[in-house]
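Geometric and topological summary
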Amino acid sequence: MFEDYHIVFKERQFKKWAFKEAMGSLGEQERIKRPHVVVFPCPGQGHMNPLMEFAKRLAYRNLHVTFIVTERVKKQIIQAREGADAHVQLPNIKIETISDGLSSDCEETKDVDMIIDLLRKVGGLAFERLIERLNSQGDTVSCIVYDSLMSWIPHIANKFKVPSAFFWTQSCAVYSIYYHFYTGMVKANNEEENVRAVIEIPGLPQLCQSDMPSFLQSSNPYGSLLQLVMNQFSTISQATWILGNSFNELEMREIQYMDSLIPIRTVGPLVPSAFIEGNNPQDQDVGIHLWKAENCIEWLNTKEASTVVYVSFGSLAILSKEQIIEIAIGLRNSRHSFLWVIRPDQKNEENTNVDDFLKDFLQETIDQGLVVSWCPQMAVLNHPSVGMFVTHCGWNSTLESLCSGLPVLTFSQWSDQTTNSKYVEEVWKTGIRLNKTTHGLVGRDEVEKSIKTITESEQGVEMRKNALQWKTLAKDAMMKGGSSDKNIDWFIHEVIATIAMA
Ligand code: UDP
C-alpha cells in the first residue's frame, strides 16, 4: 500500500513539473482569475489559530479566502466578543459556518471522538452543500486547505475536482513519528518495563517512551484518539499538497528526512503578523477567541521589564484541584509577579471548591499576581514585562514562545506536548521540564525551584539567549525571501498552476 502511495505521489509531482515546464514557468498568471481558497480547521482554538493565520497570509497576497467555522464555534466566538461578530483584519477573508451536528445550545463537549465523528457525518454533508453554493454563486472554489485530522476532506475535494492541501498543525518531528508508526516502520512499545528503551527514528534525536506523543505510550488511555491520529495518514495520498506549521531552520533534519518519504512544506510559525514578519502591523491578534480575552496589558504595564511569569495551559488541559494548589503555592513562593490563565471550564465537577481556594489565594497574592480567564497570548508574550512562560507545550504555545524569545518551563499534559517538551529542553535548549512526583503531581517546591532556575541561574541566561536566537530565525523564515515565505509563495503558484491546468 505504501509503495503504491509513493508511486502515486511521485507521478503527481512529475505531472505538475511537466505542466510547469510546458507553461514556460508560470507567466500566464495574470490571465487567471484570483484563486479562491477554502480553509477548514478543526473546531478547536489550537487548530483554528494557525489555519486563520495561514488564511491571513493568503489573503494578504490577494487571494480570496473562505474560512470555515462550525455554528457552535461561531456562537462561542460571538459570546466571547460580547455579541460582536467574529472579526478578522483582512477584507479578503470571509467566514462561513456549517453545522457540526451538535446543537448550538448543547453543553460544551470535550469528547474529541464524538466531535470528529459528527463533523465527518453531518459537517461533511454541510461542507459539500457549501461548496456547491459557493460554486453556483460564481465564487468557484480553487483549493481546499484542510486540517489533517479531517481525513475525509480529500474525498470531498476529489468529488468537486478541486485540489486539496493537508495542513499539519503539529511539529514536523511529530509528523515523522506518527508516520513511522502508521507505516509500521517503527513498532509501538507497549511494555511497561521498556519505558527507558531508546526509539530510533531517522532525522530525530533519540527518544524514549516518555518523549513520544502520549497516544503512543503504553499508558495511553485514549485508544480511539490514537486511531484518529493514525487516520490522518490514510488519505494523505489523495491530498495534492502537504503543509505544516513549522519552519525549516527549526526542524531541518526532521524535514529533510521526511522529504525522502512524504515531503512536507513548512509555512510557519503562524502567529499574528505584527509579532513576526510585520507585513501587516495592524494584525496583532488572531481575532477568533473562544473565550473573552481579558485586558491584562494595563496590569503588565505596571511591572518592571522581564519580571512577570506568564502561566497558561492552552485551551483544552484541565488540571486537578490538587495540581492547581501546588502551582499556586509554587508561584507565590517564587516571589515573582505572575499572570495566570485559568479558563472558566477548568472549574468542572471534579474541581469543586477550586474557586474558594483561588479566591483566598488571590486575596493573599493581590500585589503579586493576576488570574484571568483568557488573554491575547501573543500580545502578552511580547510584552516587555513578561520574562518567562510556564506552558503545557501545545504546539502553538511552543512556537509562540520561540517567536517571542522567551524561556519556558514545560508542564506537558498529553498528545504531542511530551515530544515538544523534549525538544524545548534538549534540542532547542530554551527551557526545562517540570518533574512529576510518583503520584503524577508537580509539587510546589519543584515549581518554585524551576522558576528560580530560569530567572536566577546561568542556565536560565543561556536559555533566554537561545530563545532570542530562535526568535530571530523564526522572523527570518517568515520575512520576504525566508524559507516559510518562499513556501507560501510556492503554494500559491501551485494553486494558480492547477487552476490554469483545469
Ligand atoms: N491562547 C490564547 N489565550 C490564552 C491561552 C491560549 O490566545 O489565554 C492561544 C495560544 O496563543 C495558542 C492557542 O490558544 O495559539 C492554544 O494552542 P496550543 O497548541 O498551545 O494548545 P491547545 O489549546 O491546542 O492545547
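Look a little higher up for the structure.
Residues numbered from 1 in each chain as written. Predicted model: local features only at pLDDT ≥ 70, side-chain atom pairs only at ≥ 80, totals over all residues. Heavy atoms only, no water.

**Topic: the packing of aromatic side chains**
Counted by the stated rule, this structure contains 22 aromatic pairs. Ring plane angle 45 degrees and centroid distance 4.7 Å describe the contact between Trp291 and Trp374, whose orientation is recorded as tilted. Of this pair, Trp291 sits in the loop between β7 (265-266) and α9 (297-301) while Trp374 is found in the loop between β10 (369-372) and α12 (377-381), placing the two residues 83 residues apart along the sequence. Neither residue differs from the other here; Trp291 and Trp374 are each classed as buried. Joined through ring pairs, the aromatic side chains of Tyr146, Phe166, Trp168, Tyr175, Tyr178, Tyr179, Tyr182 and Phe233 make up one cluster. (Phe/Tyr/Trp six-rings, centres within 6.5 Å; stacked < 30°, edge-to-face > 60°. Helix = DSSP H or I, 4+ residues; strand = E, 2+ residues; numbered from the N terminus. Buried < 20%, exposed > 50% of the residue type's maximum accessible area, 1.4 Å probe, protein only.)

**Focus: the site of the ligand**
Around the ligand lies a shell of 20 residues, among which Ser315, Cys375, Asn396, Ser397 and Glu400 are the nearest. Gln377 is positioned such that a nitrogen or oxygen atom in its side chain is 3.3 Å from an oxygen atom of the ligand. Taken by itself the ligand offers 530 Å² of open surface, and the protein chains cover 94% of this. Broken down by secondary-structure element, the contributors of at least two residues to the shell around the ligand are α2 (45-60), β8 (308-312) and α13 (395-403). Of the residues forming the shell around the ligand, the biggest block, four residues, is contributed by α13. Within the shell around the ligand, the residues separate by chemical class into six nonpolar, 13 polar and one charged. (Near = heavy atom within 4 Å. Polar contact = N/O pair within 3.5 Å; in protein donor to acceptor, adjacent residues only side chain to side chain. Areas by Shrake-Rupley, 256 points an atom, 1.4 Å probe, with all protein chains shown as cover. Nonpolar A, V, L, I, M, F, W, Y, C, P; charged D, E, K, R; others polar.)

**Focus on the packing of helix α15 (residues 444-456) against helix α16 (residues 458-478)**
In contact at an axis separation of 5 Å, α15 and α16 are set at 65 degrees when each is read in the N-to-C sense. Here α15 lies roughly perpendicular to α16, going by the angle between them. Here α15 contributes Thr453, Ile454 and Glu456 to the contact with α16, which in turn contributes Glu458, Gln459, Gly460, Met463 and Arg464. Of the residues that constitute the contact of α15 with α16, the class distribution is two nonpolar, three polar and three charged. (Axes fitted to C-alpha atoms, helices over the stretch in contact; angles between N-to-C directions. Parallel < 35°, antiparallel > 145°, perpendicular 65-115°, else oblique. Contact = heavy atoms within 4.5 Å.)

**Considerations on helix α3 (residues 71-80)**
Where α3 is concerned, the buried positions are Arg72, Val73, Lys74, Gln76, Ile77 and Ala80. In this fold, the buried residues of α3 make contact with α2, β2 (64-70) and β3 (93-98).

So yeah, pure geometry; function would need other evidence.
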